[in-house]
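An overview of the molecular structure
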Amino acid sequence: MINLSGKKALVTGSTRGIGRAIALKLAEAGADVVVTGRNEERAKEVAKEIASKTSSGTLGVELDLSSTDSVERCFEKVGKEFGDIDVLVNNAGINRDVLFMRMKLEDWEEVIRVNLTGTFLVTQRVVRGMIKKRWGRIINISSVVGFIGNVGQANYTASKAGLIGFTKTLAKELASRNITVNAVAPGFIETDMTDELPEEIKENFRSQIPMDSFGQPEDVANTVLFLASDLSSYITGEVIHVNGGLF
Ligand SMILES: NC(=O)c1ccc[n+]([C@@H]2O[C@H](COP(=O)([O-])OP(=O)(O)OC[C@H]3O[C@@H](n4cnc5c(N)ncnc54)[C@H](O)[C@@H]3O)[C@@H](O)[C@H]2O)c1
């Protein structure tokens, strides 16, 4: 049984989908959890809901990864009301899908800004506290398409592949401080993000999945829980694929 009592976790983009499932899973294991999202009211609602389902402390805070001001404000609040973060899950991510020949600089920059630069900004804010405590877990949510590519996603796949290099370098820089840095690469998971796709594309994906079904947010959350726990203390710089055999 994994017990994260006494640990403080922060999950980016945790008002819905995979992030929400991760925040709930970590709280069920005993961690206190900061729920973050672009909409503060929604973050507070989800934090309250998780607190009512578990015995963990929660905090709901606005965090927009595209704004350095928002990152600053969030961590000021977390520092005052919650304390240093032991487990950081960089989950928030967006896509702006369009064929490369029609991709505008804004489509490229927006995705890189949130998925990659946002992760850089948030991670830098938590690492100092982890170094002081000589314990930390950083878990980055990448994607299978960062490994295999996907038509219409040059921006998104570049950001998700970039997260892998980021993970491996931080793992090397922080290993001696007892901080592990790993990535989870989900395949096709049923959330609002994938709900938007046309049926034909979904069916095409499903036909390539040996397990012949899509994953659930909980499948990703279970893997994150393992990486956040002491069961994975000798694993760093790794990527765990959660994709039903797709890759
Ligand atoms: N669903 C899948 O099949 C799948 C597959 C591989 C990887 N992923 C990755 O998993 C993560 C979660 O995806 P999901 O399917 O739950 O998507 P989702 O769209 O349901 O959730 C994304 C979350 O990120 C937040 N977010 C968006 N822009 C933000 C910003 N500027 N600042 C802060 N937060 C922001 C959203 O509010 C939301 O909470 C993403 O990084 C996604 O790329 C998803």
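Scroll up to find the structure this text is about.
This part covers the overall build of the chain. When you go through the chain residue by residue, the secondary structure sums to nine helices and seven strands. Its C-alpha radius of gyration of 17 Å places the chain within 12% of the 18 Å reference for a compact globule of 247 residues. If one aligns the C-alpha atoms of the chain with their principal axes, the spans along those axes are about 45 × 40 × 40 Å. Counting over 247 residues, the chain shows a buried share of 45%.

Bringing the sheet that holds strand β2 (residues 32-37) into the picture now. Hydrogen bonds between backbone atoms are what pair the strands of a sheet, whose relative direction is either parallel or antiparallel. A sheet is described by the order of its strands in space; here seven strands give the open sequence β3-β2-β1-β4-β5-β6-β7, paired in parallel fashion. Edge positions in the sheet fall to β3 (58-62) and β7 (239-242), since each has one partner strand and no second. On average, adjacent strands in this sheet sit at an angle of 15° to one another, irrespective of strand direction. Where strand β6 (residues 179-186) meets β7, four bridges bridge the pair, whose relative direction is parallel. Following the sheet pairing, P186 is matched in β7 by V242.

Another point: the nonpolar core. Counting 63 residues, the largest nonpolar core has A9, I22, L26, V33 and V224 as its most contacted members. Residue contacts for V33: discarding those within four places in its chain leaves A9, V11, A23, L26, A27, I50, S56 and T58.

The next point concerns the site of the ligand. Contacts to the ligand come from 27 residues, most closely from G13, G17, A92, G93 and T191. Where the shell around the ligand is concerned, the elements lending two or more residues are α1 (17-28) and α7 (192-195).

Direction vectors running N to C along α1 and helix α9 (residues 217-228) enclose 45°, while the axes themselves pass 8 Å from each other. Here α9 runs oblique to α1, going by the angle between their axes. Taken as a pair, α1 and α9 cross one another with a handedness that is right-handed. Across the interface between the two elements, G17, I18, A21, I22, K25 and L26 of α1 pack against P217, E218, V220, A221, N222, V224, L225 and A228 of α9. Looking at the contact of α1 with α9 residue by residue, the class counts come to ten nonpolar, two polar and two charged.

This paragraph deals with unusual backbone geometry. One non-glycine residue, R134, lies in positive phi territory at about 55°. If you trace the backbone, R134 turns up in the loop between α4 (105-133) and β5 (136-141). Given 10 C-beta atoms within a 10 Å radius, R134 is considered exposed. The residue N178 is not glycine, and still its phi comes out positive at about 65°. Within the secondary structure layout, N178 lies in the loop between α6 (154-174) and β6.

What follows is about α4. If you check α4, its first and last C-alpha atoms are 41 Å apart, about what 29 residues at 1.5 Å a residue would give, namely 42 Å. Within α4, the axis deviates most sharply at R113, by approximately 40°. Every buried residue of α4 is accounted for by V111, V114, N115, L116, G118, T119, V122, V126, V127 and M130. Here the buried face of α4 lies against α3 (68-81), β4 (87-90), β5, α6 and β6.

Direction vectors running N to C along α3 and α4 enclose 25°, while the axes themselves pass 10 Å from each other. Between α3 and α4, the angle is such that the two are roughly parallel. For the element pair α3 and α4, the recorded crossing hand is right-handed. Of α4, the residues touching α3 (which contributes T68, V71 and F75) are L121, V122 and R125. When grouped by side-chain class, the residues that make up the contact of α3 with α4 number four nonpolar, one polar and one charged.

Going residue by residue along β4, you find V87 and V89 tucked away on one face and L88 and N90 tucked away on the opposite face as well. As paired elements, β4 and β5 share four bridges and run parallel to each other. Following the sheet pairing, L88 is matched in β5 by I138.

Quick notes on the rules
Residues numbered from 1 in each chain as written. Predicted model: local features only at pLDDT ≥ 70, side-chain atom pairs only at ≥ 80, totals over all residues. Helix = DSSP H or I, 4+ residues; strand = E, 2+ residues; numbered from the N terminus. Rg over C-alpha atoms; globule rule 2.2 N^0.38 Å. Buried ≥ 20, exposed ≤ 12 C-beta atoms within 10 Å, placed from the backbone. Pairing = 2+ DSSP bridges. Axes fitted to C-alpha atoms, helices over the stretch in contact; angles between N-to-C directions. Core = buried A, V, L, I, M, F, W, Y, C linked by C-beta atoms within 7 Å. Contact = placed C-beta atoms within 7 Å. Near = placed C-beta within 6 Å. Parallel < 35°, antiparallel > 145°, perpendicular 65-115°, else oblique. Left-handed = near helix turned anticlockwise from the far one by under 90°. Nonpolar A, V, L, I, M, F, W, Y, C, P; charged D, E, K, R; others polar. Expected span 1.5 Å × (residues − 1). Bend = angle between axes of the 7 residues up to and from the residue.

Such coordinate-based values are descriptive only and should not be taken to indicate function.
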